[in-house]
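Residue strings, one per chain:
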Amino acid sequence: MKKTKIVTALLLVFMAACKMPVTGIDEETGRPGSVNVAPPSNLIVTLDAAGEKILSWDAVPDAISYSLYRRVNDGPYSLIAVIPAPSLSYTDTYTLPDPADYYYKISAAKDYAGESSPSAPVLATTKSVSVPWGLKIELKSDERITVSWDQVPGAARYKVWRALSGADEDMQLMSPDPVFPVIEDTSVSGALSTPYYYKVAVVNFMGDESDPSAYISTIAQEVKTEKKDDPINVFWNPVSGAVSYKIYRTDTRGGVAEKSWASNFYSDTELDPARTYSYKISAIYPDNVEGPKTADVSCDTPPAVPEVTKIESAFDSITLFWDPIDGVTQGVFYKVYREDGSTGTYGEIASNITADSYKDTDSALTPATRYHYKVHSVYNALESATFAYAASTAPQAPVGLAKQSSSSNSITLFWPVVPGASSYKVYRFDTVENTYKEIARDIIATSYRDMGLTPATGLDPATTYSYKVSAVYNSAESVQSSACSVSTAPEAPTGVTGQANASGSITISWPAVSGASSYKVYRFDAASSAYTAIETGITLTLHTDTGLTPWTTYYYKVSAVYYVTPDDNAESLQSEICTVQARP
């Protein structure tokens, strides 16, 4: 057997290397056949007294070798010998101890032309009576069917059974028994629409009877379908005597089609997704006589591939949205698979979904984590192809958003680190649109200085603004934090002047600052070498500093304060220095 496989492989490699044209693969031997080489003719097998099978055949011009195949009983064909030309005979010494049927086929090989397809089989049997071979049927009309077969050596007569089904219990013996290998059955009725089945046995001159043949019919038998990628393959047993076939197709949405076809195999590629297609086959005989149709055989097509169009993330859930596919109202539903991060395999997490979205709320999901999903559509247990989609849970929302500092045209915010966050977004309330609008993204730090729409204009002085912050991981954004209200400071006071008064006091005054709620007055403290506030909460635009030392020079600054709440107030920068000498 090993040598046989090696020879077969070498022949196939040789043919592939030479790019030899082939006619296809012989289903019984598994061998390709070249269109440029004819198979040997007149293959003959005889039995000698020892049970050896002696085979001979006619020469094929320019053949370099012949390949001989054998099948025993119902087993498969196998290559038993490669006979170099010009030899035209071979003796098969292989014999089973029990009676058996030996079937042979032979092919020829030419240099640079390839190997032919195998010849028609011939039979040698060690059984006392051979089963009839080569049954053929011709459907002549509604009232006439001809059945014929190969002459069996030693046959005294034949027995023929007929039925309206292929079941053995329905078979009825026809009378009289024919002596020759043919019958004309004129006792049929409606044969063009009703199938008839026949089988034949041999009776020798000793009265021994063979097993009956396989039945033959006016209708294609064992029609099958199989789904292979895009096409549906329809195949059936060939009908003896048929010159072609007609294929009828219907589908679940009322589509009807028919096609004439030469062989007993058809690959249907004109298909729509998520449908059930039913097929019937009829045999076409000479003179365009059409035989009865087979029963329906059905096959489903898988649905189309769902396309995920949107993904929404929260810290504890991921929601997938996809476009509904054609056929969703005809029994299509969806399955969702999620990749197991530890093994890398996808496991089903939801099935029988009829909506076009799914929210994964598994408690095993963790914030700021990447996951992979696949969405399949399903129709009659057939699942579509699919694509993998990456999705991430969002981080937790930031907490503790607060003001770090503010000036008259900027506000600096800060917040604690959010675990898993890769960046942050900042939102500011828009009083015109009455909503929080994004003002910054891709912030890596946990602080942000808001300079306004542009650094040139900045924020308005003495104005309250409201902010929120969100955390981001792989484009998955958390919900926004709680709002934080922060106010800008007023502009610094300008034009501060001082007036020395009698009795050792100085009055400081300044123009009103827009938006200021109050003012602070600072005086330079020589001991600390810094300006120290000497008065706060001043609501007027002047302040008198008393108890001063005559003839001493004092230095003052003024700031404006915008007060909203104890936690939200902003002080401006201090004014320019105002210098005044106290009087006695």
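**Things to note about the packing of aromatic side chains**
At step 1: If you walk through the whole model with that rule in mind, you get twelve aromatic pairs.
At step 2: Taken together through their ring pairs, the aromatic side chains of Phe524, Tyr531 and Tyr555 make up a single cluster.
At step 3: Against the face of Phe321 rests Lys310, its NZ or CZ located 4.5 Å from the ring centre.
At step 4: Geometry around Tyr346 places Lys374 over its ring, the cationic atom sitting 4.4 Å from the centre.

**So, the pattern of salt bridges**
At step 1: Taken as a whole and judged by the stated rule, the model has 24 salt bridges.
At step 2: For Arg275, the salt bridge identified is with Asp251, shortest N-O distance 3.6 Å. Residue Arg275 is located in the loop between β22 (265-268) and β23 (276-285), and its partner Asp251 is located in strand β20 (residues 244-251); the two are separated by 24 residues in the primary sequence. Here Arg275 matches Asp251 in class, with each residue buried.
At step 3: The shortest N-O distance in the salt bridge between Glu438 and Lys425 comes to 3.7 Å. Of this pair, Glu438 sits in strand β37 (residues 435-443) while Lys425 sits in strand β36 (residues 423-430), and the two are 13 residues apart along the sequence.
At step 4: What you see here is one network of salt bridges that share partners, running through Lys425, Glu438, Arg441 and Glu477.

**A few points about the pairing of strand β39 (residues 464-473)**
At step 1: Within β39, eight of the ten residues are buried, which leaves it mostly tucked inside the rest of the structure.
At step 2: In this sheet, β39 lies alongside β36 in antiparallel orientation, the contact comprising six bridges. If you follow Tyr424 over to β39, its bridge partner there is Ala471.
At step 3: As judged from the four bridges shared by β39 and strand β41 (residues 484-487), these two strands associate in the antiparallel manner. Among the inter-strand pairings, Tyr467 is bridged to a residue of β41, identified as Cys484.
At step 4: Where β39 and strand β40 (residues 476-477) come together, two bridges link them in antiparallel fashion. Along β40, the bridge assignment pairs Tyr473 with Ala476.
At step 5: The antiparallel hairpin formed by β39 and β40 contains two residues in its connecting segment, where Asn474 sits at a positive phi of about 50°.

**Some details on the environment of Tyr285**
At step 1: Along the chain, Tyr285 turns up in strand β23.
At step 2: A residue is classified by how much of its surface remains accessible, and Tyr285, at 0% relative accessible area, is buried.
At step 3: On a C-alpha basis, the gap between Tyr285 and Ser244 in space is 7.1 Å, while along the polypeptide they are 41 residues apart.
At step 4: In this structure Tyr285 touches Ile137, Glu138, Leu139, Ser217, Thr218, Ile219, Val239, Ser240, Gly241, Ala242, Val243 and Gly291, once residues within four positions along its chain are discounted.
At step 5: Polar contacts involving the side chain of Tyr285 include one to the main-chain carbonyl oxygen of Thr218, which spans 2.9 Å.

**Concerning the confidence of the model for the protein**
At step 1: Of all residues in the protein, 92% attain a pLDDT of 70 or more, and the chain-wide mean is 88.
At step 2: Across residues 1-22, where pLDDT falls below 50, the model places 28 contacts with residues more than four positions away in sequence or in other chains.

**Focus: the sheet that holds strand β38 (residues 447-450)**
At step 1: If you walk across this open sheet you meet the three strands as β34-β35-β38, and the pairing is antiparallel. Both edges of this open sheet fall to β34 (402-406) and β38, since each of them pairs with a single strand only. Taking each pair of neighbouring strands and ignoring which way they run, the sheet shows an average axis angle of 25°.

**Some points on the side chain of Lys425**
At step 1: A relative accessible area of 13% places Lys425 in the buried class.
At step 2: For Lys425, the side chain forms a polar contact with the side chain of Glu477, separated by 3.3 Å.
At step 3: Among residues more than four places away in sequence, those in contact with Lys425 are Glu438, Ala440, Arg441, Lys468, Val469, Ser470, Val472 and Glu477.

**Describing the sheet that holds strand β15 (residues 182-185)**
At step 1: The strand order β11-β12-β15 describes an open sheet built from three strands, whose pairing is antiparallel. Every other strand in the sheet has two partners, leaving β11 (136-141) and β15 as the edge strands with one partner each. Neighbour-to-neighbour, the strand axes of the sheet open up by a mean angle of 15°, direction not taken into account.
At step 2: Summarising the sheet, β11 and strand β12 (residues 144-148) pair through five bridges and their orientation is antiparallel. From the neighbouring strand, Ile137 faces β12, where its bridge partner is Val147.

**Some points on a nonpolar patch on the surface**
At step 1: A surface patch of nonpolar side chains, about 290 Å² in accessible area, is lined by Val179, Phe180 and Val182.
At step 2: One can find Val182 in strand β15.
At step 3: A residue is classified by how much of its surface remains accessible, and Val182, at 39% relative accessible area, is partly exposed.

**Here we look at the pairing of strand β4 (residues 53-56)**
At step 1: Only one face of β4 is buried: it carries Lys53 and Leu55, and the other face, with Ile54 and Ser56, is open.
At step 2: Judged from the four bridges that link them, strand β3 (residues 44-47) and β4 form a sheet pairing that is antiparallel. Looking at the pairing, Thr46 lines up with Ile54 of β4.
At step 3: Note: β4 against strand β7 (residues 89-92), four bridges, orientation antiparallel. Directly across from Lys53, in β7, lies its bridge partner Asp92.

**Brief notes about the side chain of Ser559**
At step 1: Within the fold, Ser559 resides in strand β47 (residues 553-565).
At step 2: The class of Ser559 is buried, set by a relative accessible area of 0%.
At step 3: A polar atom in the side chain of Ser559 sits 2.7 Å from the side chain of Glu571.
At step 4: Contacts of Ser559, omitting those with residues within four sequence positions, involve Pro493, Ser518, Tyr519, Lys520, Tyr522, Glu571, Ser572, Leu573 and Gln574.

The rules behind each value
- Residues numbered from 1 in each chain as written.
- Predicted model: local features only at pLDDT ≥ 70, side-chain atom pairs only at ≥ 80, totals over all residues.
- Heavy atoms only, no water.
- Phe/Tyr/Trp six-rings, centres within 6.5 Å; stacked < 30°, edge-to-face > 60°.
- Lys NZ or Arg CZ within 6 Å of the ring centre and 35° of its normal.
- Salt bridge = Lys/Arg side-chain N within 4 Å of Asp/Glu carboxyl O.
- Helix = DSSP H or I, 4+ residues; strand = E, 2+ residues; numbered from the N terminus.
- Buried < 20%, exposed > 50% of the residue type's maximum accessible area, 1.4 Å probe, protein only.
- Pairing = 2+ DSSP bridges.
- Contact = heavy atoms within 4.5 Å.
- Polar contact = N/O pair within 3.5 Å; in protein donor to acceptor, adjacent residues only side chain to side chain.
- pLDDT = per-residue confidence, 0-100.
- Axes fitted to C-alpha atoms, helices over the stretch in contact; angles between N-to-C directions.
- Patch = residues over 30% accessible without salt bridge, like charges linked within 9 Å, V, L, I, M, F, W, Y side chains within 5 Å.
- Areas by Shrake-Rupley, 256 points an atom, 1.4 Å probe, with all protein chains shown as cover.

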